[in-house]
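So the chains spell out like this:
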Amino acid sequence: MPQREIYLLSPRAFSPETIAVAFAKTSRSPESFRDIAAELSDEKSAQFHEKWVVGYGHASVAEHAVLHIAFEGVSRLAIESIESNRLASYTEKSTRYQKWGSDDFWIPTELDGHPLRQEFVDTVRLLFKAYADSQDPVRTLVLERFPRRENESDEAWDRRIRSKYVDVCRFLLPAASLANVGMTANARVIENTIRKMLSHELAEVREIGAKVKEVALGETPTLVKYADVVPYWVETTKELEGLGNREWGTGNGEWCQLVNYDKNGEAKILAAALYRFGEMSYADALTHVKSLSASQLDGLAESLLGRLGKYDIPLRELEYSTYTFDLVMDQGAYAEFKRHRMMTQTPQKLTTRLGYATPQLIIDAGFGSQYEAAMDAAGAMFEKLYAFHPNVAQYVVPNGYNRRVLAEFNLREAYAFCQLRSASNAHFSIRRVAQRIYEEMSRVHPLLTKYMKLHEETWQGVEQSYFAKIA
């Protein structure tokens, strides 16, 4: 019997394209990966990809070539495009733990030579000044409420209280704020990323897409060289933007609506669990589950979820029930919400027309009037920019303004989201969202949601404790 071996094909020894070919060839070659890789050159790898990936469309081969791309000095608005690719990993400069300097913002290329450029810069500088000025009074208040512990070092104390006041001041940071993000993805994802960015409405994003292509060509010259603008995305986006700008109403004021869910979701999940470990058809499993009494269903749910630990991932069968939410949350909360890429998310563009949230600490620190003046100035600038270019207007929108997002996810992802984002160390804006989503789901599917382990608070409690105003 052949000996088992598990080893790395190191990127220090082989290029990403060569590793991809070595893995691809194993489907037809009995040789070891080491032997296959040793026979390959960059030229032979490129020829393989030209034939099989480009010529015959075997794009999955490109998934074995992995790139690590560093983005520095890109706007947080552009980062949304970068991070919109589901099958990739990202780490981004945090607004919770880092502070921004007065010049750390992007001036949109579209404003070059335009009369609104200087007014845009002045408004963003006003927001950054308010952001900087708010830190001392809010920090002083936080220090009073969270005194230094016995034997706690200066560094440990600062680290403990930093997020508590930076968390609040960040509501003033606009989408033009510059940040850094690291991205790890395979060449297939990178190729799609480049296409999306080159087809984007904003010049900054298109410029970044062109640079990503240039950088990726150095490592995967064959796999990304055909990535280009996609007319379908450009033209469809333009047409739908025109159709969607009609005045159809502003909603009923409800910020969290469960607009659709699978009414048989709990039965479907339980039936799928029985199906996985049994030998019956799914129809028979579903019929059986529907015949059970309430106490028997409780027992079956306990068997499926009762042993879950705090960090355990539920069985995959929880994916057979889905939920669709129409949500309104502040942009700071959305920045964390968007990280849950197993969801299907459709965010609307940034706007100031849905009002803004005011943290209670801002009021308690005596900074309320300055905060409101800065936020209102951003709202006025947004309207001027919107008349010129609706997409460019997004840059001036601060984190505290509200935004709509449609999200669909399954129960398994709901466990991940609600438990993580309701934790006591999570930002209060996203805790409010997680608790409300949990409440809505538990109302319609109490049998399987009761096993979620959430921090003991309510969304109403979060609002009362942390917000002076929501919109």
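Residues numbered from 1 in each chain as written. Predicted model: local features only at pLDDT ≥ 70, side-chain atom pairs only at ≥ 80, totals over all residues. Heavy atoms only, no water.

Q: Quick rundown of the nonpolar core? Include the residues and the values.
A: Phe71, Ile82, Phe120, Met183, Ile190 and Leu385 are the most contacted members of the largest nonpolar core, which totals 73 residues. In terms of residues, this core owes the most to one element, helix H5 (residues 116-145), which gives eleven residues. Those residues in contact with Met183 that sit more than four places away from it in its chain are Leu67, His68, Ile69, Phe71, Ile82, Asn85, Ala88, Ser89, Tyr90, Val189, Ile190 and Thr193. Cys256, Ala285, Ile430 and Trp459 belong to the second largest nonpolar core, which has 48 residues in total. (Core = buried A, V, L, I, M, F, W, Y, C linked by side-chain atoms within 4.5 Å. Buried < 20%, exposed > 50% of the residue type's maximum accessible area, 1.4 Å probe, protein only. Helix = DSSP H or I, 4+ residues; strand = E, 2+ residues; numbered from the N terminus. Contact = heavy atoms within 4.5 Å.)

Q: How would you sum up the side chain of Asp167? Please name residues and give values.
A: Note on placement: Asp167 falls in helix H6 (residues 154-169). Owing to a relative accessible area of 5%, Asp167 belongs among the buried residues under this scheme. Those residues in contact with Asp167 that sit more than four places away from it in its chain are Arg96, Arg162 and His427.

Q: Residues and numbers for the packing of helix H10 (residues 265-277) against helix H12 (residues 294-305), please.
A: Between H10 and H12, the least distance of the axes is 11 Å, while the angle of their chain directions is 60°. Judged by the inter-axis angle, H10 sits oblique to H12. As H10 packs across H12, the resulting crossing turns out to be left-handed. Across the interface between the two elements, Ile269, Leu270, Ala273 and Leu274 from H10 touch Leu297, Leu300, Ala301 and Leu304 from H12. Here the contact of H10 with H12 is composed, by residue class, of eight nonpolar, no polar and no charged. (Axes fitted to C-alpha atoms, helices over the stretch in contact; angles between N-to-C directions. Parallel < 35°, antiparallel > 145°, perpendicular 65-115°, else oblique. Left-handed = near helix turned anticlockwise from the far one by under 90°. Nonpolar A, V, L, I, M, F, W, Y, C, P; charged D, E, K, R; others polar.)

Q: Provide a residue-level description of the sheet that holds strand E2 (residues 89-92), including the pertinent values.
A: Two orientations exist for strands paired in a sheet by backbone hydrogen bonds: parallel and antiparallel. Ordered in space as E1-E3-E2, the three strands form an open sheet in which the pairing is antiparallel. The open sheet is flanked by strand E1 (66-75) and E2, the only strands paired with a single partner. Between one strand and the next, the sheet's axes are offset by a mean angle of 15°, whatever the strand orientation. Packing against the sheet, helix H7 (residues 187-198) makes contact with E1 and strand E3 (178-186), and its axis sits at approximately 135° to E3. (Pairing = 2+ DSSP bridges.)

Q: Quick one: what's the story with the packing of aromatic side chains, residue by residue and with numbers?
A: Geometrically, a pair of aromatic rings is defined through the distance of the ring centres and the angle of the planes. Under the definition given, this model contains eleven aromatic pairs. With a centroid separation of 5.3 Å and 80° between ring planes, the pair formed by Phe428 and Phe467 is classed as edge-to-face. On the criterion of sequence distance, the pair formed by Phe428 in helix H17 (residues 428-444) and Phe467 in strand E9 (residues 467-469) is long-range, its members being 39 residues apart. Each member of the pair, Phe428 as well as Phe467, carries the same accessibility label: buried. Pairwise contacts between aromatic rings join Phe171, Phe428, Tyr466 and Phe467 into one cluster. Taking NZ or CZ as reference, Arg436 lies 5.2 Å from the ring centre of Trp255, over its face. (Phe/Tyr/Trp six-rings, centres within 6.5 Å; stacked < 30°, edge-to-face > 60°. Lys NZ or Arg CZ within 6 Å of the ring centre and 35° of its normal.)

Q: Before we move on, can you summarise the side chain of Arg170 with the specific residues and values?
A: Its place among the elements puts Arg170 in the loop between H6 and E3. Looking at Arg170, the relative accessible area reads 3%, which means it is buried. Polar side-chain contacts of Arg170 include one of 3.4 Å to the side chain of His427. If near-sequence neighbours (up to four positions away) are discounted, Arg170 is found in contact with Thr95, Arg96, Tyr131, Gly332, Glu336, Asn399 and His427. (Polar contact = N/O pair within 3.5 Å; in protein donor to acceptor, adjacent residues only side chain to side chain.)

Q: Which residues make up helix H15 (residues 368-388), and what values do they have?
A: Taking 1.5 Å as the rise per residue, H15 with 21 residues should run 30 Å; its terminal C-alpha atoms sit 31 Å apart, in good agreement. When H15 is considered as a whole, its buried residues turn out to be Gly368, Tyr371, Ala374, Met375, Ala378, Gly379, Met381, Phe382 and Leu385. Buried residues in H15 make contact with H5, strand E7 (358-359) and helix H14 (360-364). (Expected span 1.5 Å × (residues − 1).)

Q: Now, about the state of the cysteines: what can you tell me, with residues and values included?
A: Per the counting criterion, the structure on display carries zero disulfides. In this model Cys256 remains outside any disulfide bridge; the closest cysteine sulfur is found in Cys418, 9.7 Å from its own. (Disulfide = S-S within 2.5 Å.)

Q: Pulling in residues and values, what's your account of the sheet that holds strand E5 (residues 322-330)?
A: What the four strands build is an open sheet, ordered E4-E5-E8-E6; its pairing is antiparallel. Here the strands that pair on one side only, and so sit at the sheet edges, are strand E4 (256-261) and strand E6 (344-347). The average undirected angle you get between the axes of adjacent strands in this sheet is 20°. In this structure, E4 lies alongside E5, joined through five bridges in antiparallel fashion. Opposite Gln257, over in E5, you have Asp326 as the bridge partner. This element, helix H16 (residues 411-421), spans E5 and strand E8 (402-410) of the sheet and lies at about 130° to E8. Seen against the sheet, H17 touches E4, E5 and E8 and runs at an angle of roughly 150° to E5.

Q: Describe the packing of H10 against helix H11 (residues 282-291), and please don't skip the residues or the numbers.
A: Here H10 crosses H11 at 125°, and the two axes come no closer than 8 Å. With respect to their mutual orientation, H10 and H11 come out oblique. Handedness of the crossing formed by H10 with H11: right-handed. Residues Ala267, Lys268, Leu270, Ala271, Ala272, Leu274 and Tyr275 of H10 pack against Tyr282, Ala285, Leu286, His288 and Val289 of H11. Among the residues making up the contact of H10 with H11, the classes are represented as ten nonpolar, one polar and one charged.

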